[in-house]
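As a plain string of letters, each chain reads:
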Amino acid sequence: MKEANSCLRAGYWCECWTIDEQTRDWPALVASIDVDTAVQAVRWITVALRTIASALDPEQCDEAWTWLRVGRRRTGWQRGGSCWC
């Protein structure tokens, strides 16, 4: 049997992007991470959203916290399930 390419590995790549609503500049990558499991990926996304939530306008902040408290449970993210939200 042929050996797998050592450049490839299983896992998840997470990214956090931002766009300036005033200038409409191109999105900028704020942070990224590669992790081994879906649970680790979900944990990173949750922490990233909690970190940036306070910088959002009030309506977006409420929406973010609602998703963190309620929405992600409905999507299966707390168990590392897949979701395209």
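Residues numbered from 1 in each chain as written. Predicted model: local features only at pLDDT ≥ 70, side-chain atom pairs only at ≥ 80, totals over all residues. Heavy atoms only, no water.

Caption draft 1: Broad picture of the overall build of the chain. What the chain contains, in helices and strands, is two helices and two strands. Taken from N to C terminus, the helices and strands of the chain fall in the order β-β-α-α. The buried share of the chain, taken over its 85 residues, is 24%. Sequence separation of at least 24 residues holds for 32% of the intrachain contacts in the chain that already meet a minimum separation of 6. Carbon and sulfur atoms provide 56% of the accessible area of the chain, an area that totals close to 7,000 Å². (Helix = DSSP H or I, 4+ residues; strand = E, 2+ residues; numbered from the N terminus. Buried < 20%, exposed > 50% of the residue type's maximum accessible area, 1.4 Å probe, protein only. Contact = heavy atoms within 4.5 Å. Areas by Shrake-Rupley, 256 points an atom, 1.4 Å probe, with all protein chains shown as cover.)

Caption draft 2: Structural context of helix H1 (residues 38-53). For H1, built from 16 residues, the straight-helix expectation of 22 Å at 1.5 Å per residue is met to within 8% by its first-to-last C-alpha distance of 22 Å. Every buried residue belonging to H1 is among Ala38, Ala41, Val42, Trp44, Thr46, Ala48, Leu49 and Ala53, and all of these are buried. (Expected span 1.5 Å × (residues − 1).)

Caption draft 3: Summary view of the environment of Thr18. Within the fold, Thr18 resides in strand S1 (residues 12-18). Here the alpha-carbon distance between Thr18 and Val30, two residues twelve residues apart in the chain, equals 6.7 Å.

Caption draft 4: The confidence of the model for the chain, seen in detail. Summary statistics for the chain give a mean pLDDT of 79 and a share of 75% for residues scoring 70 or more. Put simply, helix H2 (residues 58-75) is where the chain has its lowest mean pLDDT, 83, and strand S2 (residues 28-35) is where it has its highest, 91. (pLDDT = per-residue confidence, 0-100.)

Caption draft 5: Here's a closer look at a negative patch on the surface. A surface patch of negative charge is lined by Asp57, Glu59, Asp62 and Glu63. Structurally, Asp62 is set in helix H2. (Patch = residues over 30% accessible without salt bridge, like charges linked within 9 Å, V, L, I, M, F, W, Y side chains within 5 Å. Salt bridge = Lys/Arg side-chain N within 4 Å of Asp/Glu carboxyl O. Lys, Arg positive; Asp, Glu negative; His and termini not counted. Charge placed at Lys NZ, Arg CZ, Asp CG, Glu CD.)

Caption draft 6: View of the nonpolar core. Counting residues in each nonpolar core, the largest one holds six residues, listed as Cys14, Cys16, Val35, Ala41, Trp44 and Ala48. Every element with two or more residues in this core is listed here: S1 and H1. The biggest single contributor to this core is H1, with three residues. Among the nonpolar cores identified, the runner-up in size contains five residues, and Ala53, Cys61, Ala64 and Leu68 belong to it. (Core = buried A, V, L, I, M, F, W, Y, C linked by side-chain atoms within 4.5 Å.)

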